[in-house]
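# Observations on the model geometry
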Amino acid sequence: MRRKTVEKQRELSDPLTMRLPVEVLKDIETIAKTCNRTRSWVIVRALKAYLMAEGGDVLNVVKAREEFAAGLTHDLDDVLAEVDAILEGKAA
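These remarks concern the structure in this document. (Residues numbered from 1 in each chain as written. Predicted model: local features only at pLDDT ≥ 70, side-chain atom pairs only at ≥ 80, totals over all residues. Heavy atoms only, no water.)

### Details of the pattern of salt bridges
Cut-off, in case you're wondering: A carboxyl oxygen of Asp or Glu within 4 Å of a side-chain nitrogen of Lys or Arg is what we treat as a salt bridge. Numbering of helices and strands starts at the N terminus; helices are DSSP runs of H or I of at least 4 residues and strands are runs of E of at least 2. The cut-offs for exposure are 20% and 50% of the maximum accessible area for each residue type, with area from a 1.4 Å probe on protein chains only; residues under the lower value are buried, those over the upper are exposed, and the others partly exposed.
According to the stated counting rule, one finds 1 salt bridge in the structure shown. Here Glu 29 ties to Arg 39 by a salt bridge, and the two come within 3.0 Å at their closest N and O atoms. Taken together, the positions of Glu 29 in helix H1 (residues 22–35) and Arg 39 in helix H2 (residues 39–52) put the pair 10 residues apart, joining distant regions of the chain. With relative accessibility at 36%, the residue Glu 29 sits in the partly exposed group.

Structural data, given as structure tokens:
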């Protein structure tokens, strides 16, 4: 029996095909069965957790590189001078 959700409909990608180590799939299926969820639900949750942690770090590096390439940077000496001014109470 599948659990119906009251969430708004999300846009989904085309289906993906992948091979997993057997022990990983077994764990996914055990979790899905125990939680009365689908394997897809478990996998999406796992991917979201990854994207919030290690994957998020990678995405932040990519974003920083893009900003640097676009010239959206600040000179370190200017930043340090502004911090000094704030610490000395001279900043607005």
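### Looking at a negative patch on the surface
Heads up, the rule is: What goes into a patch is any residue over 30% in relative accessible area without a salt bridge, connected to like charges within 9 Å or, for nonpolar side chains (Val, Leu, Ile, Met, Phe, Trp, Tyr), within 5 Å. Exposure was quantified through the Shrake-Rupley algorithm and a 1.4 Å probe, taking into account, for residues, occlusion by the shown protein chains and nothing else. As used throughout, the charge tally considers Lys and Arg to be positive and Asp and Glu to be negative, leaving His and the chain termini uncounted. To locate a charge, the coordinates of NZ of Lys, CZ of Arg, CG of Asp or CD of Glu are taken.
A cluster of like negative charges, contributed by Asp 75, Asp 77, Asp 78 and Glu 82, occupies part of the molecular surface. You can see Glu 82 is positioned in helix H4 (residues 76–87).

### Focus on the packing of H2 against helix H3 (residues 54–69)
Going by this rule: Comment: axis = line fitted to C-alpha atoms, over the contacting stretch for helices; angle = value between 0 and 180 degrees taken between N-to-C directions. We call two directions roughly parallel when the angle between them is under 35 degrees, roughly antiparallel when it is over 145, roughly perpendicular when it lies between 65 and 115, and oblique otherwise. Should any heavy atoms of two residues lie within 4.5 Å, those residues are considered in contact. Each residue is assigned to one class: nonpolar for Ala, Val, Leu, Ile, Met, Phe, Trp, Tyr, Cys and Pro, charged for Asp, Glu, Lys and Arg, and polar for all the others, Gly among them.
In the contact formed by H2 and H3, the axes pass within 3 Å of each other and the chain directions differ by 50°. The orientation of H2 relative to H3 falls into the category oblique. Contact residues: Tyr 50, Leu 51 and Met 52 in H2; Glu 54, Gly 55, Gly 56 and Leu 59 in H3. A breakdown of the residues in the contact of H2 with H3 according to their chemical character gives 4 nonpolar, 2 polar and 1 charged.

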